[in-house]
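# Architecture and fold: a report
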Amino acid sequence: MIQTYQTKLINFSLHDGLSSYMYLHEYAEYFSRLERKLFVQSHIKGVPASSLKKTFLTQSRITARQFNSLRMQLDGKVSSFIEKRKLELRELESKTVYLQKILAKKTTQKDQLHQKLKEIPQTHSSFSKKIKKFRNLKFYLHQKKRRLRNLQHKIEKLKLDESNNKIRICFGSKKLFHKQFYLKENQYKDHQEWRTDWLEARSGQFLVIGSKDETLGNQTATYDLKNTLRLRVANYFVDKYGKYVEFPEVNFPYGQEWLDKAKVPHMGHTRSGRPQKYYSSITYRFIKQKKGWYVNATVERETPNVGTSNINGLIGIDVNAGFLSVCEIDRFGNPIKHWNIQVPMYSRRKEQILASISNALKEILDYAVLVQKDVQIEKLDFSKKKTQLREKGTAYARMLSGFAYSSFQQLIKGKAKKTGVKIKRVNPAYTSQIGQMKFMARYGLSSHEAAACMIARKGYYFKTEKPKYDTILSFPKNFDKHQSNFSNWRSLTNHIKKHYLFKDKIELLKADR
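Presented here is an overview of the structure given in this document. None of these values were measured; they are calculated from a predicted model.

Parameters and conventions
Residues numbered from 1 in each chain as written. Predicted model: local features only at pLDDT ≥ 70, side-chain atom pairs only at ≥ 80, totals over all residues. Heavy atoms only, no water. Helix = DSSP H or I, 4+ residues; strand = E, 2+ residues; numbered from the N terminus. Rg over C-alpha atoms; globule rule 2.2 N^0.38 Å. Buried < 20%, exposed > 50% of the residue type's maximum accessible area, 1.4 Å probe, protein only. Contact = heavy atoms within 4.5 Å. Areas by Shrake-Rupley, 256 points an atom, 1.4 Å probe, with all protein chains shown as cover. Pairing = 2+ DSSP bridges. Polar contact = N/O pair within 3.5 Å; in protein donor to acceptor, adjacent residues only side chain to side chain. Phe/Tyr/Trp six-rings, centres within 6.5 Å; stacked < 30°, edge-to-face > 60°. Axes fitted to C-alpha atoms, helices over the stretch in contact; angles between N-to-C directions. Patch = residues over 30% accessible without salt bridge, like charges linked within 9 Å, V, L, I, M, F, W, Y side chains within 5 Å. Salt bridge = Lys/Arg side-chain N within 4 Å of Asp/Glu carboxyl O. Lys, Arg positive; Asp, Glu negative; His and termini not counted. Charge placed at Lys NZ, Arg CZ, Asp CG, Glu CD. Expected span 1.5 Å × (residues − 1).

We now examine the overall build of the protein chain. For the protein chain, the helix and strand inventory stands at 16 helices and 14 strands. The C-alpha radius of gyration computed for the protein chain amounts to 30 Å, which surpasses the reference 24 Å derived for 513 residues by more than 25%, pointing to a less compact arrangement than a globule. For the protein chain, the spread of C-alpha atoms along the three principal axes comes to 90 × 65 × 50 Å. With 513 residues in all, the protein chain has 43% of them scored as buried. In the protein chain, of all internal contacts separated by at least 6 residues, the share reaching a separation of at least 24 is 65%. Only carbon and sulfur atoms are counted for the fraction: they give 51% of the accessible area of the protein chain, which is about 29900 Å².

This is the structure:
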């Protein structure tokens, strides 16, 4: 598996008043200018990047490996932009379809209300309320039609760019670019102060690509056995800085053992069958931050063998807005341990949310390793529902926006690979409903812990439980007990959602023993 580790570089003096940070800053600025030049030549003018290599090597005075790093970083940005555009197009189309349904529904309501207003006299007691509701509906429809038109305009624009293969990349970010038009609001004294930040953002990093057939995994940035990082200076700066800039005692607080293993060569064979010494490829990204320059080292590390199983039981995780519910079951499906882990998600930065989820998952996976049990999670996707938040109520929108499920899935997959825990995704259909009606009161679980219990039980493919027919909750009028259990849960769930608030349902089920 591929992992990235970071450490800070120390600034030290070179000669003639120069320093290592000065070179990193100058090269990053030069690298960013060449990247923008390459973007214009290859993606605006359509010149193939392969034919531009010789021109860049001679005119810009960089090595072939430095050009490859330049090209690969640009290709990464372009491919990321294309994927983002596809995702944005799907989201906009989903929003448009849903908004059209809302408009059709509200238009029917408006027409029906208009007909009622025609039938009742103006002196009627309910006339003023109905006319106010009618006006509100008209205003609502007007605003939604404006939004629909804007969405359709965005879709047309994106499709036109896609058909013309037009790439729109703002080097330095659009957000920072637009701040120049609102200097006071963004706490800038003048345009020159903004321009300083703009140039820093456009030239704050550069990439150094590695290869397994190069010494110590990278020809341009060599990390030797003494932990010295030697950086090959671009030919453009050789007269000023010399051929190499060496950073002594570069130690990574995390992942040092994997970088040390990458320095050890192993014998392999070329395509022609000739024996050759190979290393693990290491790619470096140099990044400027507020406290100085940092380096990210990306290296391939060994993936441990899976050390968990489903022989003695399973662990289920139910993801909620603000916390994770965990339930451990034995091999017969009975809960033997359950707990909640708080994961604050409201009014927090993305980095804080990811850190909270990461800490919670570490606790769960460490326990899974201890008891040697696989972990079960739900196969959920909130992307479609999140495109409809604007048309939902504020309470529902706040709840749904708090779910960081995509981040949860990415983190648990990566951490599970490191710890050797097997993760399995199960069908989420009616897990909460079955858990609340069948296991919550029986085992003294909370509603979310009962859902986590059901998620774990689904890992054993038990037969779908029968609904509890002697429950205090009401049943649909045309409920047929002789249908399949899955169909019964579907009709029962739809009925309960329409007739009971969540809190009322839980309190009734707690008393329903």
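Consecutive residues of a regular strand have side chains that alternate between opposite faces of the sheet. The side-chain alternation of strand S5 (residues 244-247) yields one buried face, formed by Val245 and Phe247, and one unburied face, formed by Tyr244 and Glu246. Bridge count for strand S4 (residues 229-232) against S5 is four bridges, and the pairing is antiparallel. Its bridge partner being in S5, arginine 230 is matched across the sheet by glutamate 246.

Turning our attention to the environment of lysine 288. Within the secondary structure, lysine 288 sits in strand S8 (residues 282-289). Residue classification places lysine 288 among the partly exposed residues on the basis of a relative accessible area of 31%. When the C-alpha atoms of lysine 288 and serine 203 are compared, they prove to be 8.7 Å apart, with 85 residues separating the residues in sequence. Apart from residues lying up to four places away in sequence, lysine 288 is in contact with His25, Glu200, Gly204 and Trp293. Separated by 3.0 Å, the side chains of lysine 288 and glutamate 200 make a polar contact.

Looking now at the environment of proline 248. Take proline 248: it is sitting in the loop between S5 and helix H8 (256-262). Looking at proline 248, the relative accessible area reads 46%, which means it is partly exposed. Taking the C-alpha atoms as reference points, proline 248 and tyrosine 294, separated by 46 residues in sequence, lie 14 Å from one another. If we ignore the near neighbours within four places in the chain, the residues touching proline 248 are Phe12, Asn227 and Thr228.

Another point: the packing of aromatic side chains. Summed over the entire model, instances satisfying the criterion amount to 23 aromatic pairs. Aromatic side chains phenylalanine 39 and phenylalanine 171 sit 5.5 Å apart centroid to centroid with 75° between the ring planes, which places their arrangement in the edge-to-face category. Remark: phenylalanine 171 occurs in the loop between helix H4 (127-163) and helix H5 (174-178) and phenylalanine 39 occurs in helix H1 (residues 20-44); sequence separation between them is 132 residues. For the pair formed by phenylalanine 39 and phenylalanine 171, the shared burial category is buried. Relative to tyrosine 241, the ring of phenylalanine 237 lies with its centre 6.4 Å away and its plane at 65°, an arrangement referred to as edge-to-face. Just as phenylalanine 237 is buried, tyrosine 241 falls in that class too.

With that settled, consider the sheet that holds strand S2 (residues 205-208). The sheet built from four strands is open, its strands ordered S1-S9-S8-S2 with antiparallel pairing. A single partner strand is all that each edge strand has here, and the edge strands are strand S1 (2-8) and S2. Averaged over all adjacent pairs, the angle separating strand axes in this sheet is 20°, with direction ignored. By the bridge criterion, eight bridges tie S8 to strand S9 (residues 292-300) in an arrangement that is antiparallel.

All right, on to unusual backbone geometry then. A positive phi is found at asparagine 227, a non-glycine position, where the angle reads about 65°. Secondary-structure assignment places asparagine 227 in the loop between strand S3 (221-223) and S4. Positive phi, normally seen in glycine, also occurs at tyrosine 430, with a value near 60°. Among the secondary structure elements, tyrosine 430 is positioned in the loop between strand S14 (423-426) and helix H13 (431-443).

Next up on the list: a positive patch on the surface. Positive charge collects at one region of the surface, where Lys379, Lys413, Lys417 and Arg425 lie side by side. Residue position: lysine 417 is located in helix H12 (residues 405-419). The class for lysine 417 is partly exposed, based on a relative accessible area of 47%.

Moving on, we come to the pattern of salt bridges. Under the definition given, this model contains 14 salt bridges. Between aspartate 75 and arginine 71 there is a salt bridge, with the nearest N and O atoms lying 3.4 Å from each other. Of this pair, aspartate 75 and arginine 71 both sit in helix H3 (residues 64-119), four residues apart, which is roughly one turn of that helix. Looking at aspartate 75, the relative accessible area reads 34%, which means it is partly exposed. Judged by its relative accessible area of 28%, arginine 71 is partly exposed.

With that settled, consider helix H15 (residues 485-499). A rise of 1.5 Å per residue sets the reference length of H15, with its 15 residues, at 21 Å; its end C-alpha atoms lie 21 Å apart and thus fit the reference within 8%. Of the residues making up H15, those classed as buried are Asn485, Ser487, Asn488, Trp489, Leu492, Thr493, His495 and Ile496.

Function-wise, these values are silent; they only describe arrangement.
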